[in-house]
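Close look at the chain arrangement
Residues per chain are reported as follows:
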Amino acid sequence: MRPMRRTVCLALLGAALVGCNGSTAKDESQKFPPLKELVKTDVKVGDGPEVAKGDMVWVLYRGTFRDGKEFDANMGPNDMPLMVRFADTPGTSGVIKGWDLGIVGMRQGGERKLEIPFNLAYGPEGSGKIPAKADLNFDVKVIYVVKKGDETVYDKDDLKVGTGPEVKEGDTVTFHYKGEYINGLEFDNSEKRPSGSKPVTVKVGETSGVKDKMIRGLDFGIRGMKVGGERKLTLPPALVFGGAGNQSITGNQPCVFTIKLLKIGG
């Protein structure tokens, strides 16, 4: 089936931009010929789902002025991917219009360079640290796509198949797990906690966000496993904690869980 928290500067969202490096920029049109149209250059064509209007997409990006000076990025080791839900009308997705036109059509796993003229970015007035009539460059990586209507569809991959009976609803199971965001940033690991390694024991079919009960995606994904097996689950936000998140998992983020099933039964 397919189906920590850090504040980053989001140059694409909101009316005003605060540059991550606090620098200012001169009118780039004085140094470089102005762009007349959006230029899209694929560095890597992905092999996953294609981004379309209505989809939720998680991206990593780096934004620079024409002279190469960076003004915003979320590609650092502790940065969170940016989620965008692409609207039917370009320019109404909460990002600049050049992103609407430049990212729709990419595939999951793809990388693209965007050269965006000012009229598809922040216009003749600019915004915050973005000067007037500034053409912008972006390196964009699409790392996860949830197709419209597939908000509860998830991926599972058996890394190792165990032996014996399969997990079913009503079973009590004991397992270790590692939790990561879609960019590989780890947020939990039951084998490496400061308090010591301690497996989780829960009853399948009792899902909740409270202690000792599984989140929905883990509850669904552990079924069919056998003792000794290892399985990787890639879950959309709707099968984790949705947009709210909790004290350890940021909201609106896909999560990857690797499960090692130790025991079935009390």
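Residues numbered from 1 in each chain as written. Predicted model: local features only at pLDDT ≥ 70, side-chain atom pairs only at ≥ 80, totals over all residues. Heavy atoms only, no water.

Quick look at the nonpolar core
Defined as follows: Residues belong to a common nonpolar core when they are buried Ala, Val, Leu, Ile, Met, Phe, Trp, Tyr or Cys residues joined through side-chain atoms within 4.5 Å. Only protein chains enter the calculation, and the probe is 1.4 Å; a residue is then buried if its accessible area is under 20% of its type maximum, exposed if over 50%, and partly exposed in between. Labels follow the DSSP assignment, with helices taken as runs of H or I lasting at least four residues and strands as runs of E lasting at least two, numbered in each case from the N terminus. Should any heavy atoms of two residues lie within 4.5 Å, those residues are considered in contact.
In terms of nonpolar packing, the biggest core is built from 27 residues, with Trp99, Ile103, Ile116, Leu136, Phe138, Val140 and Val142 touching the most fellow members. Elements with a minimum of two residues in this core: β2 (56-65), β4 (82-85), α1 (97-103), β5 (111-116) and β6 (136-146). For this core, the element with the most residues is β6, which contributes five residues. Not counting the four nearest positions on each side in its chain, Val142 is found in contact with Val51, Val57, Trp58, Val59, Ile103, Met106, Arg107, Gln108, Gly109 and Gly110.

Re the side chain of Arg231
As a reminder, the rule being used: Under this definition, polar contacts are N or O atom pairs within 3.5 Å; protein pairs additionally need one hydrogen-donor-capable and one acceptor-capable atom, and for neighbouring residues in sequence, both atoms have to be side-chain atoms.
Assignment of secondary structure puts Arg231 in strand β11 (residues 230-235). A polar contact of 3.0 Å, which involves the side chain of Arg231, links it to the backbone oxygen of Arg223. With near-sequence residues (within four places) excluded, Arg231 lies in contact with Lys156, Asp157, Asp158, Leu159, Gly221, Ile222, Arg223, Gly224, Met225, Phe257, Thr258 and Ile259.

Re the confidence of the model for the protein
Detailed reading of predicted coordinates is not advised where the pLDDT is low. Stated formally: A score from 0 to 100, pLDDT tells how confident the predictor is in each residue.
Of all residues in the protein, 87% have pLDDT values of 70 or greater, and the mean over the chain is 87. Across residues 1-25, confidence stays below pLDDT 50; counting only partners more than four residues off in sequence or on other chains, it has 74 contacts.

What about the pairing of β2?
To be explicit about the condition: Strand pairing is assigned whenever DSSP detects at least two bridges linking the two strands.
Among the 10 residues that make up β2, nine are buried, leaving the element largely enclosed by the rest of the structure. Both β2 and β4 contribute to a ladder of four bridges, which runs antiparallel. Bridge pairing links Val59 to Leu82 in β4. Relative to β6, β2 runs antiparallel, the two sharing 10 bridges. Looking at the pairing, Val59 lines up with Val142 of β6. As defined by bridge partners, β2 adjoins strand β3 (residues 70-73) across three bridges and the pair is classed as antiparallel. The partner of Gly63 across the bridge, within β3, is Asp72. What sits between β2 and β3 in their antiparallel hairpin is a turn of four residues, with Gly68 showing a positive phi close to 90°.

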